[in-house]
Amino acid sequence: MGISDMIIATVILAGASYLLYHSLWKKKGHCHGSCDGSCHKK
Amino acid sequence: MNGQTVVKEQESPMKRGNLRPVEQRVVTIAVAGNPNAGKSTLINAIAGSRLHVGNWPGVTVEKKEASFDYQGTKIRLVDLPGTYSLSPYTQEEIIARDYLVEERPDLILNVVDATNLERNLYLTVQLMELGIPVVMALNIYDEAQAKGYRIDVAQMEKMLGIPVIPTSATKKTGLDQLLEVAVSGEKGQQVAAPHQLNYGEDIEAAAELIAGSLRNSHPGLLERYPTRWLLLKLVEGDAEVQKTTNLTDQSLLSEALYHLRRAHGEDLEAVLAEVRYSLATGLTREVLKKPELPRTEVTEKIDRIVLHRVFGIPIFLAAMWIMFKLTFDVSKPLADWISTMIAGPFKHWAEALLGLIHAPEWTVSLATDGIIAGTGNVLVFVPMIFAMMFFITFLEGSGYMARAAFVMDRAMHAIGLHGKSFIPMLLGFGCNVPAIYATRTLENPRDKALTALLVPLMSCGARLPVYVVFIGAFFPKNGGTVLWSLYVMGIVLAIVMGFIFKKTLFRGDAPMFIMELPPYRVPSLKSLMIHTWEKGKHFLVKAGTYVLAVSIMVWFLLNLPWGVEHKRDSYLGQVGAAVAPALSPLGFGSWEASSSLIAGLVAKEIVVGTMGEIYVKKAEEKKAEKPTFAQDLQTAGSGLVKALGESVNNVTSTFGVSSLSTAEDAEKLAERTPLREELKKQFTPLAAYAFITFVLLYMPCVVAAVAMVQEFGTWKWYGIAFGYQMVLAWSMALLVYQGGKLLGFGG
């Protein structure tokens, strides 16, 4: 596995990890959304 | 804010940038009403937004908004949760009350069910106490008229002092008039504050005494809160209000309430409630004329059958069976077509595309064996998920789901809950996550926690792909029945576990609850489509996020250490192999099965995705020649036409109409996909059933865990759910496999 392969693999894994983190943990609070796409919080 | 409908927008970025300011009137309208009064349908009809609409109590929990322009005015609709009153007992009541008292919208749009006038007016009376202008949408007016009800709208307006507009959200009548009234402030005809209803001499005198004391000692409170509302809350001894207003000086209140307590006793809250009910009853008598001899309604006729003490539960089980059979039969040919597309053309095209850009060989494997095999094997079940959501939405919209909760009420009492708890559990058939959030509709923490613990036993849509893969491979002739058995197993085990919890963690009696049964309605096709999409799109989003991310990670875990020859020696394979002996007595002690189950901890459908990554490569290797692009397109087109034909054909065969499908066709269908072929080599039918039983019951997915922790603010309940479900899954799979072997079903 060359250095370029390692870089590509790292970028892909980092992207996948971010996607998982973003969709799983960052979306705190459940919101069904509204017509303008917002999630109004008091 | 009282009586004012004109609000100018806050300083905008445009203003700060010294650009010409654009001043647009913004009218904030809070939409309040009882559950099932048609609030969400009304907002959908007005704003075209796609809020979730159910036909049974407790669906609308979150506050939702819709903004749009009307005749130059920006209208901001805020959909408050459906409530019967503004008492601070349920989560919905607290949300609605806090919003109205603290945010003080410009107008309250009170949606009232014209067919249930008296009950709905109880909330109206409370809304009028807030001193905020109220406009009433007398909704479902068409049904009231069809029942022969005659409502004197003019008299109602006169008595309440608020505009009353007859509407039908489903037929979109009266909506323009409603909006005209809402924005009428622009024309100098502002909606006035409603009449102040008289609560009787004693109460009014006590309120006046408190008002006098507050003017001297706490004048700020009278400005901060709606005066009439604050005084009445202090009269009834609302603990929340006393706490938030810091009115600890009890002598102030006890002096004012002395005579009231002497005359009516200590429970002044009940006295106030009685007064409000009397007002609602009185108003109804004045304005509503019902036909003297009410016709026997269709709803009553149907209810006599579906709510029957003996037949109620069998009818519910039969309805479920038909739903699952239809789901399975209708969507299976389409699912198989997508599977063929993913295993064939999509893979070929991805390989060709990556070859064109000279991508490294391992990225081709990542794309085809990781992303396409993992995510693709989950996407295969999109038709199935949408078909099931369609049927669930139909049952909700028709009013039957509320009946299902009602017939289950007795069974629920056996486990220390009431029928209302069955509603979140029914939602769990779609997805456990919103079902866990829906437990907030329950009044006490005990019910909430117990229901949330049982919700994961309801088989969600994410588990469906796993069942279907195994059913297609092992039980193609009895797919609907096997599927039904899994859902019923979930319900039965929920009752058993509830009973155990009632005797251990949650001692005590189930609280009383009066359940509302809405009339039967035929849901419109548009509404069915919108809500099916709302429910099903979550699954598509998951496929593009969790499943995609985990598919990539699983591929790396199956290929690291780099250059590993056998997947068994990869990191995931090693972990799977370490866990496998514990699953051996259950009939699926292979590293492949345990690795898939481990990956499925993130989301259950990933079990199938991971199996796709592990098994399919083996099957694919055997294939030699690759078809051309034109051949792929031809396969896709002809396959789709055939699949659609089979779907239609299966609908008729579900209901016993002779069909072209034969047992032979079913066998062929079952053997078509490489994953199923491979599974048939790895599992026996009995082990397959034990495996899907394990998938049904083992720990809630991580997304459900996050929901549970958010809802309860502690890991405690998730910890308990995790523990008991792992034990239950292992025990039940053991029982199925070893018991089946003993009964001679083969190993």
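If you're wondering where the values come from, they're calculated on a predicted model, not measured in any experiment.

Asker: Would you take a moment to explain the overall build of chain A for this structure?
Answerer: When helices and strands are tallied, chain A shows one helix and zero strands. Residue burial in chain A is summarised as follows: out of 42 residues, 17% are buried. Entry remark: accessible area of chain A is about 2900 Å², with carbon and sulfur atoms responsible for 66%.

Asker: For this particular structure, what's the right way to read the UniProt feature "transmembrane region" (unreviewed entry) in chain B?
Answerer: Residues and elements named next belong to chain B. With numbering matched to this structure, UniProt assigns "transmembrane region" (unreviewed entry) to residues 306-324, 378-401, 421-438, 450-475, 481-501, 539-558, 686-709 and 715-737. Summarising residues 306-324: 74% helix, 0% strand, and an end-to-end C-alpha distance of 19 Å. In this annotation, residues 539-558 is assigned 100% helix and 0% strand; the end-to-end C-alpha distance for the span is 25 Å.

Asker: Is there a simple way to think about the packing of helix H32 (residues 685-697) of chain B against helix H34 (residues 716-742) of chain B in this case?
Answerer: The relative placement of two packed helices is expressed as an angle between their axes plus a distance between the axes. All names here are of chain B. Packing of H32 against H34 leaves a shortest axis separation of 8 Å and a crossing angle of 165 degrees. Judged by the inter-axis angle, H32 sits roughly antiparallel to H34. Both H32 and H34 take part in a crossing whose hand is right-handed. Where H32 approaches H34, its residues Leu686, Ala687, Tyr689, Ala690, Thr693, Phe694 and Leu697 are matched on the opposing element by Gln725, Leu728, Ala729, Trp730, Met732, Ala733, Val736, Tyr737, Gly740 and Lys741. Split into classes, the residues belonging to the contact of H32 with H34 amount to 13 nonpolar, three polar and one charged.

Asker: I tried to follow the packing of aromatic side chains on my own but got confused; where do I start?
Answerer: The geometry of an aromatic ring pair is captured by the separation of the ring centres together with the interplanar angle, meaning the angle of the planes. Residues and elements named next belong to chain B. This structure, assessed with the given rule, holds 21 aromatic pairs over all chains. Measuring from centroid to centroid gives 5.0 Å for Phe588 and Phe691, while their planes differ by 85 degrees, and the two rings are edge-to-face. Taken as a pair, Phe588 in the loop between helix H26 (571-583) and helix H27 (591-599) and Phe691 in helix H32 lie far apart in primary sequence, 103 residues in all. The same class applies to Phe588 and to Phe691, which are both buried.

Asker: Just checking my understanding: could you explain unusual backbone geometry for this structure?
Answerer: A negative phi holds for most residues other than glycine; trans holds for most peptide bonds. Residue and element names in this part refer to chain B. Positioned with a positive phi, Asn36 is a non-glycine residue whose angle comes to about 70 degrees. Looking at the element boundaries, Asn36 is found in the loop between strand E1 (25-33) and helix H2 (39-47). Relative accessible area serves as the criterion here: at 13%, Asn36 is assigned to the buried category.

Asker: How should I be thinking about the environment of B:Ile720 in this particular structure?
Answerer: Residue and element names in this part refer to chain B. Secondary-structure assignment places Ile720 in helix H34. Through-space distance from the C-alpha of Ile720 to that of Leu453 is 7.8 Å; in sequence the pair is 267 residues apart. If near-sequence neighbours (up to four positions away) are discounted, Ile720 is found in contact with Leu453, Phe501 and Leu505.

Asker: Would you take a moment to explain the pairing of strand E3 (residues 73-79) of chain B for this structure?
Answerer: For a regular strand, the rule is simple: side chains alternate between the two faces of the sheet. Residues and elements named next belong to chain B. Where burial is concerned, most of E3 is hidden: six out of the seven residues are buried. Where E1 meets E3, seven bridges bridge the pair, whose relative direction is parallel. Of the residues in E3, the one forming a bridge with Val27 is Ile75.

Asker: What's the story with the UniProt feature "binding site: Mg(2+)" (unreviewed entry) in chain B in this structure? I'm lost.
Answerer: Residue and element names in this part refer to chain B. When the UniProt feature table is mapped to this numbering, "binding site: Mg(2+)" (unreviewed entry) covers Asn44, Ala45 and Gly48. The residue Ala45 is located in helix H2 in this model. Relative accessible area serves as the criterion here: at 19%, Ala45 is assigned to the buried category.

Asker: Would you take a moment to explain the environment of B:Lys502 for this structure?
Answerer: Checked against the element boundaries, B:Lys502 lands in helix H24 (residues 479-503). In the structure, B:Lys502 is positioned 86 residues away from B:Gly416 in sequence and 5.8 Å away in space, judged by C-alpha atoms.

Asker: Help me out: how do you make sense of the packing of helix H14 (residues 298-306) of chain B against helix H18 (residues 400-407) of chain B in this one?
Answerer: Residue and element names in this part refer to chain B. With their axes 11 Å apart at the nearest point, H14 and H18 run at an angle of 40 degrees to one another. By the angle between their axes, H14 is oblique relative to H18. Crossing handedness for the pair H14 and H18: right-handed. Note on element contacts: H18 touches H14 through Tyr400, Arg403 and Val407, opposite Thr299, Asp303 and Val306. The residue inventory of the contact of H14 with H18, partitioned by class, reads three nonpolar, one polar and two charged.

Asker: Whenever I open this one, helix H23 (residues 464-474) of chain B confuses me. Can you help?
Answerer: In terms of burial, H23(B) is largely enclosed, as eleven of its eleven residues are buried. Where H23(B) is concerned, the buried positions are B:Leu464, B:Pro465, B:Val466, B:Tyr467, B:Val468, B:Val469, B:Phe470, B:Ile471, B:Gly472, B:Ala473 and B:Phe474.

Definitions and cut-offs
Residues numbered from 1 in each chain as written. Chains lettered and ligands numbered in written order. Predicted model: local features only at pLDDT ≥ 70, side-chain atom pairs only at ≥ 80, totals over all residues. Heavy atoms only, no water. Helix = DSSP H or I, 4+ residues; strand = E, 2+ residues; numbered from the N terminus. Buried < 20%, exposed > 50% of the residue type's maximum accessible area, 1.4 Å probe, protein only. Areas by Shrake-Rupley, 256 points an atom, 1.4 Å probe, with all protein chains shown as cover. UniProt positions renumbered as here; feature names shortened; annotations may be inferred. Axes fitted to C-alpha atoms, helices over the stretch in contact; angles between N-to-C directions. Parallel < 35°, antiparallel > 145°, perpendicular 65-115°, else oblique. Left-handed = near helix turned anticlockwise from the far one by under 90°. Contact = heavy atoms within 4.5 Å. Nonpolar A, V, L, I, M, F, W, Y, C, P; charged D, E, K, R; others polar. Phe/Tyr/Trp six-rings, centres within 6.5 Å; stacked < 30°, edge-to-face > 60°. Pairing = 2+ DSSP bridges.

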